[in-house]
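For reference, the chains in residue letters:
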Amino acid sequence: MSILITGGAGYIGSHTVKYITEKDEDVIVVDSLQSGYKEAVQIDKFYQIDIRDKEELDKVFKKHNIEAVIHFAANSLVGESMEEPYEYYHNNVYGMMCLLDVMKKNNIEKIVFSSTAATYGEPKNIPILEDNETIPTNTYGETKLAMEKMMKWFDKAYGIKYVSLRYFNAAGAHESGTIGEAHNPETHLIPLILQVPLEKRDKIYMFGDDYPTKDGTCVRDYIHVMDLASAHYLALEYLRKDNDSNIFNLGNGNGYSVKEVIETARKVTGHPIPAEVEERRAGDPATLIASSEKAKEVLNWKPQYDSLEKIIADAWNWHSNNPKGYKE
């Protein structure tokens, strides 16, 4: 039996492909390469397909004996989602509709979904729990929530069981340095900071230093990408045991401020990394920290790389050896 991974050439997808392949699972990857990289996936069964092309997607299901799907394929930039809501609804929500329809027709009843903390919006309490209110403040979070709700109704009607993993700030890279984070444009804090010692930018900007946090800068929960990869595998194992559909947060449960992240990057890289304060950005919550107790208890998930220094060191190992990402 095979595991189909959509969006498997993307950042988190490619690390999950590597992790699951090393578990001796037979993995098939479908990716449109809109934002992913073929070089990030070292497997034979790769199909360059947009999941909205149901005819081509169905051929993959017909050709292989697929047991379950791990679904990453989606647009995921918050700022862009506010400017291009049509594109986000079409790719994310309609894409999910197409995928679930093809799964239904081929009697595939297990899906692990890459969701996001953006489904919560402005949190009422910290740490955030899975049963907290979901009131997204951007189009990206809204589309991911719509995808979760779609799976809920497909489960009720057709018995397709799902696990939705809502994660916080993915960071780091595989320890080998063979794969890592490569976005264009880059919007994530840690790779942006590392562009300074790579001489791609002169300084890093901190958006606001007057938040009600320990040092005035935003606090976020950073999670190593390989810990995310392991959680997707544990979610798959959970579904294999015929458990009910479920939702889990994934984070370290530790909050690090922007200033702390910059300071740690200075330590790891040995570079001074000049930083400057700019005005706040609209829609940035002061603090986002996850409670991952449910995932630890139910999935038996144990983050292995929970120190910020380790996360940044692995990211630096990748970026310093691949300053142009996959486009050498």
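Residue indices begin from 1 for each chain and proceed along its sequence in written order. Note on the predicted model: pLDDT of at least 70 is required for a residue's local features to be given, and 80 or more for side-chain atom pairs to be given and counted; whole-chain, interface and lining totals, by contrast, use all residues. Each side-chain value is derived from all of the structure's non-hydrogen atoms; neither hydrogens nor water enter the calculation.

Enquirer: Looking at this model, I keep getting lost on the pattern of salt bridges. Mind explaining?
Expert: Close approach of charged atoms allows side chains with opposite charge to pair. The salt bridge criterion pairs a side-chain nitrogen of Lys or Arg with a carboxyl oxygen of Asp or Glu, the two atoms within 4 Å. The tally for this structure, following the rule as stated, stands at 23 salt bridges. For Asp101, the salt bridge is made with Lys105, and the minimal N-O distance between the two is 3.2 Å. With Asp101 and Lys105 both in helix 4 (residues 85-105) and four residues apart, the pair spans about one turn of that helix. Using a 1.4 Å probe on the protein chains alone, a residue whose accessible area is under 20% of its type maximum counts as buried, one over 50% counts as exposed, and one in between counts as partly exposed. Note on Asp101: relative accessible area 14%, which makes it buried. Residues joined in a network through salt bridges with shared partners are Glu25, Glu67, Glu237 and Arg240. Only DSSP runs of H or I with at least four residues qualify as helices, and only runs of E with at least two residues qualify as strands; both kinds are numbered from the N terminus onward.

Enquirer: Just checking my understanding: could you explain the nonpolar core for this structure?
Expert: Grouped burial of nonpolar side chains is what soluble globular proteins tend to show. Of all hydrophobic cores here, the largest spans 44 residues; its most connected members are Ile5, Ile12, Leu165 and Leu250. Of all elements in the fold, only strand 1 (2-6), helix 1 (11-21), strand 2 (26-30), strand 4 (66-71), strand 6 (161-167), helix 7 (225-240) and strand 11 (246-250) reach the threshold of two or more residues within this core. Per element, the largest residue contribution to this core is ten residues, and it comes from helix 7. Contacts between residues were defined by any pair of non-hydrogen atoms, one from each residue, lying within 4.5 Å. Sequence-distant contacts of Ile12, that is, excluding residues within four places in its chain, are made with Phe72, Tyr167, Ala170, Val225, Leu228 and His232. Judged by nonpolar contacts, the second largest core, of 28 residues, contains Leu4, Ile51, Ile108 and Ile160. The nonpolar core is taken to be a set of buried Ala, Val, Leu, Ile, Met, Phe, Trp, Tyr and Cys residues, with the residues joined through side-chain atoms within 4.5 Å.

Enquirer: Can you walk me through the side chain of Thr119 in this structure?
Expert: Locating Thr119 in the fold gives a position in the loop between strand 5 (110-116) and helix 5 (139-158). Residue Thr119 is classed as buried on the basis of its relative accessible area, which comes to 0%. For the purposes of these results, a polar contact is taken to be a pair of N or O atoms within 3.5 Å, where, inside protein, one atom must be able to donate a hydrogen and its partner to accept one; residues adjacent in sequence count only when each atom of the pair is a side-chain atom. A distance of 3.4 Å separates the side chain of Thr119 from the side chain of Arg166, its partner in a polar contact. Dropping the residues within four chain positions of it, Thr119 is found in contact with Thr134, Ile135, Pro136, Gly141, Lys144, Leu145, Glu148 and Arg166.

Enquirer: Explain the pairing of strand 4 to me, please; I cannot follow it from the model alone.
Expert: Side-chain direction in a regular strand flips from residue to residue, so the side chains alternate between the two faces of the sheet. Counting buried positions over the six residues of strand 4 gives six, a clear majority of the element. Judged from the three bridges that link them, strand 4 and strand 5 form a sheet pairing that is parallel. In the sheet register, Val69 faces strand 5, and the bridge partner there is Ile111. DSSP calls a pair of strands paired once it identifies at least 2 bridges connecting them.

Enquirer: Would you mind going over the environment of Ile247 with me for this structure?
Expert: As for its position among the elements, Ile247 is in strand 11. For the pair formed by Ile247 and Ala235, sequence separation is twelve residues and the distance between their alpha carbons is 9.8 Å. Excluding residues within four positions of it along the chain, Ile247 makes contact with Glu130, Glu148, Tyr162, Ser164, Arg166 and Lys294.

Enquirer: Looking at this structure, how should I read the packing of helix 8 (residues 258-269) against helix 10 (residues 308-321)?
Expert: Between two packed helices, what matters for the description is the angle formed by their axes and the separation of those axes. Where helix 8 meets helix 10, the closest approach of the two axes is 9 Å, and the angle between their N-to-C directions is 55°. One way to sum up the angle between helix 8 and helix 10 is to call them oblique. For the pair helix 8 and helix 10, the sense of crossing is right-handed. Across from Glu260, Val261, Thr264, Ala265, Lys267, Val268 and Thr269 in helix 8, the residues of helix 10 making contact are Leu308, Glu309, Ile312, Ala313 and Trp316. Residues are grouped as follows: nonpolar covers Ala, Val, Leu, Ile, Met, Phe, Trp, Tyr, Cys and Pro; charged covers Asp, Glu, Lys and Arg; every other residue, Gly included, is treated as polar. Class assignment for the residues of the contact of helix 8 with helix 10 results in seven nonpolar, two polar and three charged. Axis geometry follows a simple rule: fit a line to the C-alpha atoms, using only the stretch in contact for helices, then measure angles between N-to-C directions, giving values from 0 to 180 degrees. Geometric relationships in this document are graded by angle, where less than 35 degrees denotes roughly parallel, more than 145 denotes roughly antiparallel, 65 to 115 denotes roughly perpendicular, and other angles denote oblique. Less than a right angle of anticlockwise turn of the near helix away from the far helix marks a crossing as left-handed, whereas a clockwise turn marks it as right-handed.

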